[in-house]
Amino acid sequence: MQNELMIALHMAREAGGILLEGHRLGVAPEVVEHKGAIDLVTPYDRRSEALVRARLAEHFPDDTVLAEEGGQTEGQGPEGAARRVWCVDPLDGTTNFAHGLPFFCVSIALLIDGEAAVGVVHAPALDWTFSCVAGEAPRFNGSPLPRLAARDDLGSSLLMFGCGYDRTTRPERYLAMIATFMTRTQGLRRTGSAALDCCICSRGQVDGYMEVNLHPWDLAAGVLIARGAGAVATDVDGGPFDPFTGRLLLGRPGVHGRMLEVIRENDVFLHEKDGSYGR
Ligand code: IPD
Ligand code: CA
Ligand code: CA
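Just so we're clear, the structure is a prediction, and the values are computed from it rather than from any experiment. (Residues numbered from 1 in each chain as written. Chains lettered and ligands numbered in written order. Predicted model: local features only at pLDDT ≥ 70, side-chain atom pairs only at ≥ 80, totals over all residues. Heavy atoms only, no water.)

Caption draft 1: Structural detail: the site of ligand 1. Neighbouring ligand 1 are 16 residues, the closest being D92, G93, T94, Y165 and E211. Between ligand 1 and the protein, one listed contact pairs an oxygen atom with a side-chain N or O atom of E68 at 3.4 Å. For ligand 1, an oxygen atom lies 3.2 Å from a polar atom in the backbone of C163. Compared with its free state, where it exposes 380 Å², ligand 1 has 96% of that area covered by protein. Ranked by residue count, the leading element in the shell around ligand 1 is strand 5 (residues 84-92), at 3 residues. When the residues that make up the shell around ligand 1 are grouped by side-chain class, the tally is 5 nonpolar, 5 polar and 6 charged. (Near = heavy atom within 4 Å. Polar contact = N/O pair within 3.5 Å; in protein donor to acceptor, adjacent residues only side chain to side chain. Areas by Shrake-Rupley, 256 points an atom, 1.4 Å probe, with all protein chains shown as cover. Helix = DSSP H or I, 4+ residues; strand = E, 2+ residues; numbered from the N terminus. Nonpolar A, V, L, I, M, F, W, Y, C, P; charged D, E, K, R; others polar.)

Structural data, given as structure tokens:
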């Protein structure tokens, strides 16, 4: 997978260069389109995705590409071969980007038969690059990340959360999540980029992260990186993590279990299931 990793890193940096240009120039409100009431897309999302798609077509024409703006494009691979799908968010954190905040990134993962094999998350305005090959230690800006130590206490833990774009029409579950965890933890944070949230967990800068109603391109790379550092990832109900459900409970060992107990005790999320993307 070293070849795939090198190419993914290269593509992420090239696409990151496009995003950095937009960040420095500023994004004029008139070029921002609305996919939904609060779900934005900019010309930079599209340019970044076009670049990644072009590079993937050049290097891996047999592989399928699933990217946020253009959807799924089947590769030319022979039937019966291990199904290789590149899962791409060309700009994760578009709302931040449109407002000039530096918390945004490019997220690229290669899934083989549904399992993440390679993941890269590159945040050009922060100069943060995370990468991982399954079975190996993840890297941050080229150096291996240390293993996350266990912690048992939620009261001394800093957690992150996110809210999907259904938060204006179905706010209840997000409000329940915030109310439940804000009284039991040292603090709750939100960056506005799911891929970065996972990567921040991989460095141990926060102890856990939870979100629902996401998409595989938000999660596939970041979860591989965080798991590589020793974080525990499941569905928010404690079941197996599947990026296509868009539901994630992530935490350092110990903290993940404490978060799950609180979710179960308070019925946060449990009675609400979202459809799985593309299934
Ligand atoms: C969004 C971000 C955000 C999360 C949203 C995602 P986008 O992705 O990851 O943190 O809360 O629900 O959809 O739209 O910026 O690519
Ligand atoms: Ca995203
Ligand atoms: Ca996006």
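Caption draft 2: Quick look at helix 4 (residues 172-182). Every buried residue of helix 4 is listed here: R173, Y174, M177, T180 and F181. In an axial view of helix 4, the angular spread of the buried residues amounts to 135°, which keeps them on one side of the axis. Residues of helix 4 that are exposed and point more than 90 degrees away from the buried face comprise E172, L175 and M182. Residues of helix 4 that are buried make contact with strand 11 (158-161), strand 12 (187-189), strand 13 (208-211) and helix 7 (255-266). (Buried < 20%, exposed > 50% of the residue type's maximum accessible area, 1.4 Å probe, protein only. Arc of directions from axis to C-beta. Contact = heavy atoms within 4.5 Å.)

Caption draft 3: The coordination of the calcium ion (ligand 2), seen in detail. Distances from the calcium ion (ligand 2) to its protein donors, D89 (OD), D92 (OD) and D218 (OD), fall within 2.0 to 2.3 Å. Within one chain, the residues donating to the calcium ion (ligand 2) are spaced in sequence as D-x2-D-x125-D. A separation of 3.7 Å is found between the calcium ion (ligand 2) and the calcium ion (ligand 3), which share D89 as a coordinating residue. On the criterion of sequence distance, the pair formed by D89 in strand 5 and D218 in helix 6 (residues 216-228) is long-range, its members being 129 residues apart. (Donors = N, O, S within 2.8 Å, 3.2 Å for Na, K, Ca; no water.)

Caption draft 4: Structural detail: the domain arrangement of the chain. One can read the domain layout of the chain as domain 1 (2-144) and domain 2 (154-266). When each unit is reduced to the centre of its C-alpha atoms, the spacing between domain 1 and domain 2 is 21 Å. Between domain 1 and domain 2, the residue contacts involve 34 residues of the former and 24 residues of the latter. With both sides pooled, the region where domain 1 packs onto domain 2 buries about 2,300 Å², and carbon together with sulfur makes up 74% of that total. (Domains from an automatic or database assignment. Buried area = accessible area lost by both parts, 1.4 Å probe.)

Caption draft 5: Highlighting the coordination of the calcium ion (ligand 3). Every protein donor of the calcium ion (ligand 3) is accounted for by E68 (OE), D89 (OD), D89 (OD) and L91 (O), and the metal-donor separations fall at 2.2 to 3.1 Å. As a motif over one chain, the donors of the calcium ion (ligand 3) read E-x20-D-x1-L. Take D89: its relative accessible area is 1%, and that puts it in the buried class.

Caption draft 6: Fine view of the state of the cysteines. If you walk through the whole model with that rule in mind, you get 0 disulfides. Here C132 stays free of any disulfide, with the sulfur of C199 as its closest cysteine sulfur at 9.9 Å. With no disulfide of its own, C198 lies closest to C199 among cysteine sulfurs, the gap being 6.6 Å. On the accessibility criterion, C198 (0% relative accessible area) is buried. (Disulfide = S-S within 2.5 Å.)

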